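# Remarks on the overall topology
Next come the chains, spelled out residue by residue.
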Amino acid sequence: METRIQVVAIVAAVALLLIVLELVRRRRLMERYALLWLFSATVILALAIWQDALNEIAQLMGIISAPNALFFVAVGFILLLLLHFSAAMSRLSDQSKVLAQRQAILEQRVRELESGAPLPVEASHQHREPTFARR
Amino acid sequence: MLVRYAAVGRSRAVRRRNFRTRHTSYRPVHRYPYLKCLAVVPAYNEQASIARVIGTIREHAPGFDVLVVDDGSTDATHERAEATGARVLRLPYNLGIGGAVQAGFTYALEHGYDRMAQVDGDGQHDPHQLDRLMATMAADPSIDVVCGSRFLTHDYRYPAPISRRTGIHIFAFILSRIMRQRVSDPTSGFRLYNANAIALFARDYPHDYPEVEAVLMVHHHRLRMVEVPVRMFVRNGGVSSISSGKSAYYMVKVLLALFVGLARRRPVPEPGDIAPVAAEQGI
């Protein structure tokens, strides 16, 4: 691999590492989400420095030019991160759904209590046996 | 002149009496006083029809408490609903029909309801027929879900565009194969649930376009569902949640949910398990 592109790759990976660490330090990024970023940056940095490993990987995957293997690995990490965010987003939207439902139920309860209307019996605590069937 | 009026009046009275006698099977009384019943009315911007829907439920299904779930409407839906004296859950933002109905399930579970019915706020479901759903469930205690189907009657054609009906029939075909039971209208939201089904769906209910997936969940949890023929009206007011542009998305999304749902060995965690997504800590 040419030295110039190696330098560019190393600088980019180091910059990414530093930015992620700085964001974590300022509490703008939770450690939970930073870990995957740090891991990808470290792997890319390692491959950029350690030429032989990169050449080996390129050969294994049938990639003629070693820098392309680096890009391939980087793209793989990007896809992984995006998937990770989709999963995180699903979790958040599910959590916010539950939150909205609970909030609405509580709000209704508060309104009912404030209005002094008769409260529905919490029958979950006192199960009523069927007394008679008028059919 | 006077005589003619009297004659007209009498004939009207006779006609009305005949109408009543032809409908003796239906009496607007609560026949199941030992059951706590809740009618959940999910409504999103339904100010035009919500009061009438509540009124019809009160009139035709007097045993049901009415709970309107205002799904983040931007119009006067909740004011109109509260004016009728119904209980209203106001969701802070639009969750979609699945989230709104699940709020109803949670409410029903926490207030110990024995039966919960879903009656859409747009007026397309006929509360008149809640009685029929109740009777079906009362006739067989092993039934957990009674679903009102538009396609079991031949005297009434549901006036939906052909594309939508085709979609419904595709889902119906797939579900019928999976469940080894005829399912004619899996997209119908007009359903009655017993306490088992309420507990299941309060725990986990599909997000958007939930009806078809809910049928699959019923099957996976070995609950029993039957269909009864019902009439449905064309919606009168508001905008359907499924516009024509969205129906392709609807088809694909529900099909994905169906086939992925099939691959889930344990679709929903039992009490004590890790929550599916919501409370999970990872990622």
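Residues numbered from 1 in each chain as written. Chains lettered and ligands numbered in written order. Predicted model: local features only at pLDDT ≥ 70, side-chain atom pairs only at ≥ 80, totals over all residues. Heavy atoms only, no water.

### Thoughts on the overall build of chain A
Where we set the bar: Per the convention used, a helix needs a DSSP run of H or I reaching at least four residues, while a strand needs a run of E reaching at least two, with both numbered from the N terminus. Any residue under 20% of the maximum accessible area for its type is buried, any over 50% is exposed, and the rest in between are partly exposed; the area is computed with a 1.4 Å probe on protein chains only. By definition, residues are in contact when any of their heavy atoms lie within 4.5 Å. For the accessible areas, the method is Shrake-Rupley and the probe is 1.4 Å, while residue cover comes only from the protein chains on display.
The helix and strand inventory of chain A stands at four helices and zero strands. Taken from the N to the C terminus, the helices and strands of chain A come in the order α-α-α-α. Going through the 135 residues of chain A one by one, you find that 31% of them count as buried. In chain A, of all internal contacts separated by at least 6 residues, the share reaching a separation of at least 24 is 56%. Of the accessible surface of chain A, which amounts to about 9,300 Å², a share of 68% is contributed by carbon and sulfur atoms.

### Thoughts on the overall build of chain B
In terms of regular secondary structure, chain B is built from nine helices and seven strands. Burial status across chain B gives 52% buried among its 283 residues. In chain B, of all internal contacts separated by at least 6 residues, the share reaching a separation of at least 24 is 75%. Carbon and sulfur atoms make up 56% of the accessible area of chain B, which amounts to about 13,700 Å² in all.

### A short note on the packing of aromatic side chains
All names here are of chain B. Cut-off, in case you're wondering: In this scheme Phe, Tyr and Trp rings, the latter by its six-membered ring, pair at centre separations within 6.5 Å, and the angle between planes marks the pair as stacked below 30 degrees, edge-to-face above 60, and tilted otherwise.
Going through the model one piece at a time under the given rule, you end up with 10 aromatic pairs over all chains. Ring geometry for F105 and Y193: centres 4.8 Å apart, planes at 75 degrees, overall edge-to-face. Placement of F105 in helix α4 (residues 96-110) and of Y193 in strand β6 (residues 191-194) is noted, with a sequence separation of 88 residues between them. For the pair shown, F105 and Y193 are each scored as buried. Ring geometry for F105 against F201: centres 5.3 Å apart, planes inclined by 45 degrees, an arrangement best described as tilted. One end of the pair, F105, is in helix α4; the other, F201, is in helix α7 (residues 195-203), and 96 residues separate them in sequence. A relative accessible area of 0% means that F105 is categorised as buried. By way of ring pairs, the aromatic residues F105, Y193, F201 and Y205 are connected into one cluster.

### Some words on the side chain of D144(B)
Residue and element names in this part refer to chain B. Formally: In protein, a polar contact requires one atom able to donate a hydrogen and another able to accept it; more generally it is a pair of N or O atoms within 3.5 Å, and residues adjacent in sequence count only if both atoms are side-chain atoms.
With respect to the helices and strands, the residue D144 is situated in the loop between α5 (130-139) and β5 (145-149). Here the side chain of D144 touches N194 through a polar contact of 2.9 Å, side chain to side chain. Looking at D144, its side chain comes within polar contact range of the side chain of N196, at 3.1 Å. Apart from residues lying up to four places away in sequence, D144 is in contact with M137, L192, Y193, N194, N196, A197, L223 and R224.

### Regarding the pairing of strand β4 (residues 115-118) of chain B
Residues and elements named next belong to chain B. Let me state the cut-off plainly: Two strands form a pair only when DSSP identifies at least two bridges running between them.
Residue alternation in β4 divides its side chains into two sets, R115 and A117 and M116 and Q118, and both sets are buried. Across four bridges, the pairing between strand β1 (residues 37-43) and β4 is parallel. By the bridge assignment, L38 is partnered in β4 with M116. Note that β4 and β6 share three bridges and pair antiparallel. Looking at the pairing, A117 lines up with L192 of β6.

### Thoughts on the pattern of salt bridges
Our working rule: Salt bridges are counted wherever a side-chain nitrogen of Lys or Arg sits within 4 Å of a carboxyl oxygen of Asp or Glu.
The final tally for this structure, using the stated rule, is 12 salt bridges over all chains. A salt bridge links R109(A) to E112(A), with the nearest nitrogen and oxygen atoms 3.9 Å apart. Residue R109(A) and its partner E112(A) are located together in helix α4 (residues 66-115), separated by three residues, close to a single helical turn. Among the residues examined, E112(A) registers a relative accessible area of 8% and is labelled buried. Here E82(B) ties to R111(A) by a salt bridge, and the two come within 2.6 Å at their closest N and O atoms. In this pair, E82(B) sits in helix α3 (residues 77-83) while R111(A) sits in helix α4, so the two residues belong to two different chains.

### Let's talk about helix α1 (residues 3-25) of chain A
Residues and elements named next belong to chain A. Just so we agree on the cut-off: Working rule for helices: expected span equals 1.5 Å times residues minus one.
Here α1 spans 33 Å end to end across 23 residues, near enough to the 33 Å set by a 1.5 Å rise per residue. Looking at α1, one finds that the buried residues are Q6, A9, A13, L17, V20 and V24. Elements in contact with the buried residues of α1: α2 (31-49), α3 (51-61) and α4. Phi turns positive, to about 60 degrees, at R27, one or two residues after α1.

### Quick word on the sheet that holds β1(B)
Residues and elements named next belong to chain B. Defined as follows: Axis definition: a line fitted to C-alpha atoms, over the contacting stretch in the case of helices. Angles run 0 to 180 degrees between N-to-C directions.
With mixed pairing, seven strands are arranged side by side in an open sheet as β3-β2-β1-β4-β6-β5-β7. This sheet does not close on itself; its edge strands, each paired only once, are β3 (87-90) and β7 (225-229). Mean inter-strand twist for the sheet, computed between neighbouring axes without regard to direction, equals 20 degrees. Relative to β7, β5 runs parallel, the two being bridged by five bridges. Within β7, the residue paired with V145 across the bridge is M225. Taken strand by strand, helix α8 (residues 210-220) contacts β4, β5, β6 and β7, and its axis lies near 35 degrees from that of β6.

### Things to note about unusual backbone geometry
A positive phi angle, close to 60 degrees, is found at R27(A), a residue other than glycine. Its location among the elements puts R27(A) in the loop between α1 and α2. Its identity as a non-glycine residue notwithstanding, N45(B) has a phi of 50 degrees, on the positive side. Along the chain, the position of N45(B) falls in the loop between β1 and α2 (50-60).

### A few points about the confidence of the model for chain B
All names here are of chain B. Keep this limit in mind: Scored from 0 to 100, pLDDT reflects the predictor's confidence in each residue.
Model confidence for chain B is summarised by a mean pLDDT of 81, while 76% of its residues fall at 70 or above. Counting contacts from residues 278-283, a segment whose pLDDT is below 50, to residues more than four positions away or on other chains yields 17 contacts. ipTM for the predicted complex: 0.77, alongside a pTM of 0.78.

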